[in-house]
Each structure stands twice: as structure tokens, then as C-alpha cells.
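# Architecture and fold: a report
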Amino acid sequence: QRQMCKETGVSPDGAIYLSDWYDPGVGGHATGDTGAHSHNWHLLHGRIYRLAPPGFKPSVAKLDLTSTRGQIAALESPNLSTRYLGYTKLAAGGQPAREALKGVFDKSPSAWFRARALWLLARGPGGRQVVEQALKDKDPNIRVTAVRAARRIKMDMLDVAGQMMNDSS
């Protein structure tokens, strides 16, 4: 038996990295992964895999957190750390950020990007109105995000549940 830990992450260059570490001791009680203590990589038990399509040329997009456009681009990144940086800047960005987020929510073809914009819009001024609009959206993913956002901003969940009761999704 072996105890395993697997993690996955998207790097800023777009590749996916997987780590597969295992401890040959049962349940971790008799640590057999002694390479970390002796600084001998031959004794380490695990791997890191990089997944990318054939011919992939890694390149990291320039990160511009000084402009609203750059912050929106960061929010749309597949890399979680980059998204967080965009999120925090947009959350503190005031009305210009809200207008840009509203544009993403209203016009983006990506449900992922629309949901991220909705999540930020719900937390700001007029958030309840945006959530009310999203509860009626044609995309079930946006409606799910709206229900979660409604709970987060402490809307009346009985009222929200009443609105969603006949939702086919």
C-alpha cells in the first residue's frame, strides 16, 4: 500500500502540471521518502508531469494589472494565481472595473468568464440586481453561480429558491 498525493495546476504558460508523490510507508507512519532529508533526489518517491499538446511552445502572456483591460485578461487566465491577481485588482477597481465586468458578463461567449464576472459584480454595489438578472439567464451554469452568489451576499434564500423551483436544470 502507499499513501498518494496528486495535485494539478495550470501554469502561466498554459501547460498543465501534475505531481504524483507517494510515501511507501503504510499511511505515512514509516516515512520511506528519505530523499528530502538527505538531499538525494534518487531516494525521492514521486514525479512531476508536464502535459502540453505536441509542438507546444510555452509563452507567458504579459501581465498588465495597471489597466482594467489587463485586469480582465488576468481574470480570464487559466492560471489560478494570475486570476487571483486580476480578481483582487478588479474588486478594488471601483466603477471602471464594474463597467468592464458588466461588459464581460453581458457579452462574453464563455460561461466561465461570465461566471467570474458575475461573482465579482454580485459583491459590489447593485449586486442584488445583477444576481436577479443572472437567476433568469439562459445558461444553467450562470444560474448556478447566481444561486451561490445570492447566498454569499445574504439574499433571501427562500425567495431565491422560490424563483428557481421550476428551473429544469
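The rules behind the values
Residues numbered from 1 in each chain as written. Predicted model: local features only at pLDDT ≥ 70, side-chain atom pairs only at ≥ 80, totals over all residues. Heavy atoms only, no water. Helix = DSSP H or I, 4+ residues; strand = E, 2+ residues; numbered from the N terminus. Buried < 20%, exposed > 50% of the residue type's maximum accessible area, 1.4 Å probe, protein only. Contact = heavy atoms within 4.5 Å. Areas by Shrake-Rupley, 256 points an atom, 1.4 Å probe, with all protein chains shown as cover. Phe/Tyr/Trp six-rings, centres within 6.5 Å; stacked < 30°, edge-to-face > 60°. Lys NZ or Arg CZ within 6 Å of the ring centre and 35° of its normal. Core = buried A, V, L, I, M, F, W, Y, C linked by side-chain atoms within 4.5 Å. Patch = residues over 30% accessible without salt bridge, like charges linked within 9 Å, V, L, I, M, F, W, Y side chains within 5 Å. Salt bridge = Lys/Arg side-chain N within 4 Å of Asp/Glu carboxyl O.

Regarding its fold elements, the chain presents eight helices and three strands. Counting from the amino terminus, helix and strand elements in the chain follow one another as β-β-α-β-α-α-α-α-α-α-α. When the 169 residues of the chain are sorted by exposure, 32% land in the buried category. By sequence separation, contacts in the chain at least 24 residues apart represent 47% of the contacts at least 6 residues apart. Carbon together with sulfur atoms contributes 57% to the accessible area of the chain, which is approximately 11200 Å² in total.

Counted according to the given criterion, the structure contains zero aromatic pairs. We note Arg114 situated over the ring of Phe105; from NZ or CZ to the ring centre the distance is 4.8 Å.

What follows concerns the nonpolar core. In terms of nonpolar packing, the biggest core is built from 25 residues, with Leu90, Leu101, Phe105, Leu118 and Val131 touching the most fellow members. At the level of secondary structure, the elements contributing two or more residues to this core comprise helix H2 (68-75), helix H4 (94-107), helix H5 (111-122), helix H6 (127-134), helix H7 (140-152) and helix H8 (157-164).

Here we come to a nonpolar patch on the surface. On the surface, a cluster of nonpolar side chains totalling about 260 Å² of accessible area is made up of Ile16, Tyr49 and Leu51. Following the sequence through the fold, Tyr49 ends up in strand S3 (residues 46-51). Taking relative accessible area as the criterion, Tyr49 reaches 40% and is therefore assigned partly exposed.

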